[in-house]
Amino acid sequence: MAITIKPTEIADIDAIFALRNDPDVLRHQYQPRKGETPASFEKKLAGHPNVLGISFRCTSIFDDGVLVGHVMQHFGPGPEGGRRSCECGWNLAKSHWGQGVMPRALTELFAQLFDEDPRLIVFACCFASNHRSRRVIEKLGFQPDRMHWMVWLTHLVRSHGRRIEQYRLDRLRYRRAVARMAPPSESAG
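Rules used throughout
- Residues numbered from 1 in each chain as written.
- Predicted model: local features only at pLDDT ≥ 70, side-chain atom pairs only at ≥ 80, totals over all residues.
- Heavy atoms only, no water.
- Patch = residues over 30% accessible without salt bridge, like charges linked within 9 Å, V, L, I, M, F, W, Y side chains within 5 Å.
- Areas by Shrake-Rupley, 256 points an atom, 1.4 Å probe, with all protein chains shown as cover.
- Salt bridge = Lys/Arg side-chain N within 4 Å of Asp/Glu carboxyl O.
- Helix = DSSP H or I, 4+ residues; strand = E, 2+ residues; numbered from the N terminus.
- Core = buried A, V, L, I, M, F, W, Y, C linked by side-chain atoms within 4.5 Å.
- Buried < 20%, exposed > 50% of the residue type's maximum accessible area, 1.4 Å probe, protein only.
- Phe/Tyr/Trp six-rings, centres within 6.5 Å; stacked < 30°, edge-to-face > 60°.
- Axes fitted to C-alpha atoms, helices over the stretch in contact; angles between N-to-C directions.
- Parallel < 35°, antiparallel > 145°, perpendicular 65-115°, else oblique.
- Left-handed = near helix turned anticlockwise from the far one by under 90°.
- Contact = heavy atoms within 4.5 Å.
- Nonpolar A, V, L, I, M, F, W, Y, C, P; charged D, E, K, R; others polar.
- Pairing = 2+ DSSP bridges.

Caption draft 1: A look at a nonpolar patch on the surface. A contiguous nonpolar surface patch, about 480 Å² in accessible area, is contributed by Trp149, Met150, Trp152 and Leu153. Mapped onto the elements of the fold, tryptophan 149 is located in helix α6 (residues 149-158).

In structure tokens form, the structure reads like this:
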């Protein structure tokens, strides 16, 4: 398995939408919004920040050159003055679940994000029933976080009443988690 990540290109969009509409993946995520189409995704990917100052990026995950997942990133003003935030959501093909693909991809992506902005706060949400995502979130050092009431209400509506949990990650917690994940070094003898 040769896992690589790269910024999403237009050529990736159809594969991303096929993945996002896979019934096994849909059980663990929001249903795509009515207006979400490959064309609207392409426009969003190429666009500028919206009226709220939120910009969008997406990173594609490949295994031996085949798209197997993606990570959507929404950047905007953070909850603490002067700090930017990034809300991340991801999908992975069922064929790659339980193989450590998402922790590897996110470790690389988060290293890039924290290099760009060491003060960045990364948020991730998942359904309480999505044990795989919660394991990834915990492995990477995210801490439970309380949602702003407006965010909570938005998630409640989009999830059709399913319980959503929010987590947050800063650079220090991320670095500690990565250090714990690293294989122990062999001591010179």
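That was the structure; now back to the text.
Caption draft 2: Summary view of the nonpolar core. In terms of nonpolar packing, the biggest core is built from 33 residues, with Ile61, Trp90, Leu106, Phe110 and Phe142 touching the most fellow members. For this core, the elements supplying multiple residues, two or more each, are β1 (3-7), β3 (66-77), β4 (84-92), α4 (101-116), β5 (121-127), α5 (131-139) and β7 (164-169). It is α4 that provides the largest number of residues to this core, a total of 8 residues.

Caption draft 3: Representation of unusual backbone geometry in the model. The backbone phi angle of aspartate 64 is positive, close to 50°, even though this residue is not glycine. Residue position: aspartate 64 is located in the loop between β2 (55-63) and β3.

Caption draft 4: Inspection of the packing of aromatic side chains at higher detail. Enumeration according to the criterion identifies 5 aromatic pairs in this entry. Residues phenylalanine 17 and phenylalanine 41 carry aromatic rings whose centres are separated by 5.6 Å and whose planes lie at 85° to one another, so their mutual orientation is edge-to-face. Placement of phenylalanine 17 in helix α1 (residues 13-20) and of phenylalanine 41 in helix α3 (residues 38-46) is noted, with a sequence separation of 24 residues between them. The class of phenylalanine 17 is buried, set by a relative accessible area of 8%. A relative accessible area of 4% means that phenylalanine 41 is categorised as buried. Residues phenylalanine 114 and tyrosine 174 carry aromatic rings whose centres are separated by 5.4 Å and whose planes lie at 40° to one another, so their mutual orientation is tilted. Of the two residues, phenylalanine 114 sits in helix α4 while tyrosine 174 sits in helix α7 (residues 171-181), which places them 60 residues apart along the sequence.

Caption draft 5: A look at the packing of α1 against α3. Orientation of α1 relative to α3, taken along the N-to-C sense of each, is 120°, at an axis distance of 10 Å. Taken together, α1 and α3 sit at an angle that is classed as oblique. For the pair α1 and α3, the crossing hand works out as right-handed. Of the residues in α3, those touching α1 at Ile13, Asp14, Ile16, Phe17 and Arg20 are Pro38, Phe41, Glu42 and Leu45. The class makeup of the residues in the contact of α1 with α3 is 6 nonpolar, no polar and 3 charged.

Caption draft 6: A look at the environment of methionine 181. The residue methionine 181 is located in helix α7 in this model. Along the sequence, methionine 181 and proline 103 sit 78 residues apart, while their C-alpha atoms lie 9.9 Å from each other. Residue contacts for methionine 181: discarding those within four places in its chain leaves Thr107, Lys139 and Leu140.

Caption draft 7: Here's a closer look at the sheet that holds β4. Read from one edge to the other, the open sheet built from 7 strands follows the order β1-β2-β3-β4-β5-β7-β6, with strand pairing classed as mixed. With one partner strand each, in any of the chains shown, β1 and β6 (143-145) form the two edges of the open sheet. On average, each strand axis in the sheet is tilted by 30° relative to the strand beside it, whichever way the strands run. Here 9 bridges tie β3 to β4, and the two strands are oriented antiparallel to one another. Across the sheet, the residue bridging to glycine 76 is serine 85, located in β4. Relative to the sheet, α4 contacts β1, β2, β3, β4, β5 and β7, its axis offset from that of β4 by approximately 160°. Running at roughly 160° to β5, α5 makes contact with β4, β5 and β7 of the sheet.

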